[in-house]
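# Structural characterization, general
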Amino acid sequence: GLSLSTTKVSGVSGSSTVLVLRPALDFFVADSWSVGGFVGVEYASAPGGSSQAISIGPRVGYNATLNDKLSIWPKVGFAIARTSQTRDGATLPSGMVVPGDNEDHTSVQLNLFVPVLFHPVDHFFLGLGPALDQDLTGDNKATTIAVRLTIGGWV
């Protein structure tokens, strides 16, 4: 996966930028059963600070054929993610200085992805489907719900 976005809010100085790179590789080890994994890198910057994250995780899946052009390939996995956040310091109008700080944390996540695949030609597919990433550890658990695209093929 690859995503790059910039957001500007009217009336607020600055903008936020998010870059996500999350390549994955899966192998079919038995009829319709796959094993694989991914490595993810994320960078986010906004007025007041930034964050960086790296994640890695294994997964298993099952590709169920619907017809000669369509299949559904649900995958479930776990990931370990390490996130670092930096908050900028600030000087208040009173002259008081609020120092910046850094925070690091590691989390374990559950990952689900259920794309419907279109096979336009032999050995190639395009897929689109819902995805869920849910933190399982820590006090502040993040939940990501998304629609993701997958492109692949085999030899």
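In this report, we go over the structure that sits alongside the text. (Residues numbered from 1 in each chain as written. Predicted model: local features only at pLDDT ≥ 70, side-chain atom pairs only at ≥ 80, totals over all residues. Heavy atoms only, no water.)

### Some thoughts on the environment of P23
- Following the sequence through the fold, P23 ends up in the loop between β2 (15-21) and β3 (24-30).
- For P23, a relative accessible area of 43% translates into the label partly exposed.
- Through-space distance from the C-alpha of P23 to that of G127 is 15 Å; in sequence the pair is 104 residues apart.
- Apart from the residues within four sequence positions on either side, P23 is in contact with G1, G37, F38 and V39. (Helix = DSSP H or I, 4+ residues; strand = E, 2+ residues; numbered from the N terminus. Buried < 20%, exposed > 50% of the residue type's maximum accessible area, 1.4 Å probe, protein only. Contact = heavy atoms within 4.5 Å.)

### With respect to the environment of T17
- Assignment of secondary structure puts T17 in strand β2.
- We classify T17 as partly exposed; its relative accessible area is 26%.
- Between the C-alpha atom of T17 and that of S50, which follows or precedes it by 33 residues, the distance is 9.3 Å.
- If sequence neighbours within four positions are ignored, T17 has contacts with L4, S5, T6, Y43, A44 and S45.

### What about the pattern of salt bridges?
- If you walk through the whole model with that rule in mind, you get six salt bridges.
- One salt bridge connects R59 with D26, and the closest N-O pair in it is separated by 2.5 Å. One end of the pair, R59, is in strand β5 (residues 49-62); the other, D26, is in strand β3, with 33 residues separating them in the sequence. In this pair, the class of R59 matches that of D26, namely buried.
- In this structure, the salt-bridge partner of R87 is D101, at a minimum N-O distance of 3.0 Å. Note that R87 is positioned in strand β8 (residues 75-87) and D101 in strand β11 (residues 101-113), a separation of 14 residues in sequence.
- A relative accessible area of 37% places D101 in the partly exposed class.
- Taken together, the salt bridges that share partners define one network made up of R22, D133 and R148. (Salt bridge = Lys/Arg side-chain N within 4 Å of Asp/Glu carboxyl O.)

### Overview of the pairing of β5
- Where strand β4 (residues 33-46) meets β5, 14 bridges bridge the pair, whose relative direction is antiparallel. Note on β5: the bridge partner recorded for W33 is Y62.
- Taking the residues between adjacent antiparallel strands as the criterion, β4 and β5 are bridged by two residues, where G48 takes a positive phi near 100°.
- Sheet analysis places β5 next to β8, joined by 11 bridges and oriented antiparallel. Bridge pairing in β8 links S51 to Q85. (Pairing = 2+ DSSP bridges.)

### Quick word on the packing of aromatic side chains
- Considering all chains together, one arrives at four aromatic pairs under this definition.
- Judged by centre distance (5.9 Å) and plane angle (90°), the ring pair of W73 and F125 falls under edge-to-face. Here the residue W73 occupies a position in the loop between β7 (70-72) and β8, and F125 occupies one in strand β13 (residues 124-135), the gap between them amounting to 52 residues.
- Relative accessible area serves as the criterion here: at 8%, F125 is assigned to the buried category.
- Taken together through their ring pairs, the aromatic side chains of F28, W73, F125 and W154 make up a single cluster.
- Sitting above the plane of the F38 ring, R22 keeps its charged end 4.0 Å from the centroid. (Phe/Tyr/Trp six-rings, centres within 6.5 Å; stacked < 30°, edge-to-face > 60°. Lys NZ or Arg CZ within 6 Å of the ring centre and 35° of its normal.)

### A short note on the pairing of β8
- In the sheet, β8 pairs with β11 via 13 bridges, with the strands oriented antiparallel. Residue pairing for β11: T83 is matched across the bridge by H105.

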